[in-house]
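# Structural characterization, general
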Amino acid sequence: MKTTKDPLIGELSAIVGSDAVLFQPEDLLAYECDAYTIHRGMPRAVIFPKTTEEVAAIVKHLHGMRIPFLPRGAGTGLSGGAIPLGGEVIISLVRMKKLLHVDIENRIAVVQPGFVNLKLTHSISDKGYYYAPDPSSQYACTIGGNVAENAGGAHCLKYGVTTNHVLGLEVVLPNGEVIELGGAPDIPGYDLLGLMTGSEGTLGIVTKITVRILKNPEEKQTVLAYFDEVEDASYAVSDIIAAGIVPAALEMMDTVAIEGVECGTYPVGHPPGLRALLLIEVDGIAAGINEQIAEIVDVCKRRNVMDVRVAGDEEERGRWWANRKTAFAAMGTISPDYLVQDGVIPRSRLPEVLDSIRRISETSGLRIANVFHAGDGNLHPLILFDARKPGETDLAVEVGSAVLKVCADVGGTITGEHGVGIEKREEMRYICTDEEIEAQTRIRAVFNPHNLLNADKLFPKPSRCAEMKRIESDR
């Protein structure tokens with residue numbers, strides 16, 4: 001039996017059992033980072049509770065001993081939000097993976113945080129329902145992690161991001177107290193449910209989630225359009241929305257991204273050297289869908305489309321979406337390493353922002369693949385680099401920051417769905433003043449006064465000593 005001199009391990013094992021605690025270095029290696037691999041840190045231990053009561057007991061014990069800790073889901077996060085920077089105890093929620101309740105009449109489902117996103121749709125599809133938020137990692141990411149990051153997905157243009165589908169939360173606060181938020185419509189007072197969703201595990205640990213489920217649409221059609229110029233594809237995006245059509249999804253990929261997906265697991269035969277493509281999906285009641293598709297095709301033709309086609313059946317549509325949804329992983333076929341960014345811009349500024357990203361790529365010498373939710377301006381530039389080459393990792397980080405600065409300068413923001421984590425902490429200054437950052441850290445201190453829960457995430461270090469002193473004095 002493995003042993004350790006750390007008394008904390010025995011204390012945690014007494015709560016959840018010895019088979020639910022990892023502490024040996026070789027076991028902890030898998031938890032030194034999430035999908036953001038540029039920074040790494042070793043946790044003190046990893047513990048796997050199965051119930052809210054166990055989470056509360058763990059948190060109460062760690063809080064009492066002033067030992068830092070953080071929650072972790074499937075580890076698919078792209079901004080370093082689950083990386084233990086200071087030897088924290090990781091509370092892994094992957095064993096809390098039950099579908100607790102489905103109420104078709106009221107169109108809600110209740111899940112534990114470790115329940116995998118796509119599994120919810122699979123669990124209710126036979127009843128004609130589905131769960132709308134669909135991040136590209138939905139086959140692996142957990143709904144608890146989606147709540148923490150306020151995850152989006154390809155279909156968020158029409159259906160919104162996670163916060164638009166969360167109706168209630170059970171949360172363990174950083175002192176071990178268990179609270180209920182939401183759960184009924186039109187509750188007066190502060191929107192604590194909205195505050196918790198997207199707080200990146202800095203305000204509490206979610207242990208139960210009530211979500212909205214939707215009836216499957218009557219009809220769904222998907223269009224694939226090829227363009228010779230990125231500008232034409234960009235203007236087509238705005239023209240489609242201006243025509244009064246709100247697609248369920250409106251995705252875009254450029255030359256480098258197309259090269260990657262065609263080398264990946266799900267190639268579909270996109271023409272080589274293509275400058276841009278749009279993947280457009282319309283759904284809803286059957287009446288009127290054909291007219292919307294015809295209008296989309298006309299818009300693309302007015303913007304000099306090379307070729308535009310409508311999926312002939314569900315198999316073809318599925319292949320197109322598999323090609324798109326595996327785009328991030330496919331970049332590994334054309335580059336040893338890549339860094340994913342997550343800026344958001346006004347849709348009308350797409351042409352100039354993409355041109356700025358092109359110039360940043362040329363100046364830096366690093367290729368950038370653009371694959372993103374064009375309909376709502378949520379960009380995902382993938383910066384390709386080789387970590388084996390001295391200085392390239394730092395250069396990739398600098399390039400990512402420059403891209404986010406472009407987004408902020410045109411009236412956008414630094415993240416749409418991946419979160420800030422540690423990756424974009426300093427870039428928070430692109431969109432927030434020192435006073436605004438201080439206000440947010442004061443809100444955090446109300447829930448997390450000792451900053452034990454996921455410390456050093458989301459906010460940059462205070463730029464003024466007085467700011468830190470004021471925050472500390474309030475604790």
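That block above? That's the structure.
Each value, and the rule that gives it
Residues numbered from 1 in each chain as written. Predicted model: local features only at pLDDT ≥ 70, side-chain atom pairs only at ≥ 80, totals over all residues. Heavy atoms only, no water. Helix = DSSP H or I, 4+ residues; strand = E, 2+ residues; numbered from the N terminus. Buried < 20%, exposed > 50% of the residue type's maximum accessible area, 1.4 Å probe, protein only. Contact = heavy atoms within 4.5 Å. Lys, Arg positive; Asp, Glu negative; His and termini not counted. Salt bridge = Lys/Arg side-chain N within 4 Å of Asp/Glu carboxyl O. Polar contact = N/O pair within 3.5 Å; in protein donor to acceptor, adjacent residues only side chain to side chain. Axes fitted to C-alpha atoms, helices over the stretch in contact; angles between N-to-C directions. Left-handed = near helix turned anticlockwise from the far one by under 90°. Nonpolar A, V, L, I, M, F, W, Y, C, P; charged D, E, K, R; others polar. Phe/Tyr/Trp six-rings, centres within 6.5 Å; stacked < 30°, edge-to-face > 60°. Lys NZ or Arg CZ within 6 Å of the ring centre and 35° of its normal.

### Details of the environment of L384
With respect to the helices and strands, the residue L384 is situated in strand 18 (residues 381-385). Residue class for L384 comes out buried when judged on its relative accessible area of 6%. It is 42 Å that separates the C-alpha atoms of L384 and V16, two residues lying 368 residues apart in sequence. The residues contacting L384, other than those within four sequence positions of it, are V256, M331, I334, S335, D337, Y338, L366 and R367.

### A word on the side chain of D254
Within the secondary structure layout, D254 lies in strand 13 (residues 249-254). The side chain of D254 is buried and forms no salt bridge, while R275, the nearest opposite charge, is found at 8.1 Å. Engagement of the side chain of D254 in a polar contact is seen with the backbone nitrogen of A257, the distance being 3.1 Å. Those residues in contact with D254 that sit more than four places away from it in its chain are R275, A276, I368, A369 and N370.

### Quick look at the packing of helix 8 (residues 230-242) against helix 13 (residues 350-364)
In the contact formed by helix 8 and helix 13, the axes pass within 9 Å of each other and the chain directions differ by 145 degrees. Pair helix 8 / helix 13 crosses with right-handed handedness. For the pair formed by helix 8 and helix 13, the contact residues are V230, S234, Y235 and V237 on the first element and L350, P351 and L354 on the second. Tallied by class, residues from the contact of helix 8 with helix 13 come to six nonpolar, one polar and no charged.

### Looking at the packing of aromatic side chains
Scanning the entire structure with this criterion turns up two aromatic pairs. Here Y31 and F48 contribute two aromatic rings whose centre-to-centre distance is 6.3 Å and whose plane-to-plane angle is 70 degrees, an arrangement assigned as edge-to-face. Placement of Y31 in the loop between helix 2 (25-28) and strand 2 (45-47) and of F48 in the loop between strand 2 and helix 3 (52-64) is noted, with a sequence separation of 17 residues between them. Pair check on accessibility: Y31 and F48 agree, each one buried. Residues Y130 and Y159 carry aromatic rings whose centres are separated by 6.4 Å and whose planes lie at 90 degrees to one another, so their mutual orientation is edge-to-face. Here Y130 is found in strand 7 (residues 129-130), whereas its partner Y159 is found in helix 6 (residues 156-159), with 29 residues between them in sequence. For Y130, a relative accessible area of 15% translates into the label buried. The ring of Y430 is capped by K405, whose NZ or CZ atom sits 5.9 Å from the centre of that ring.

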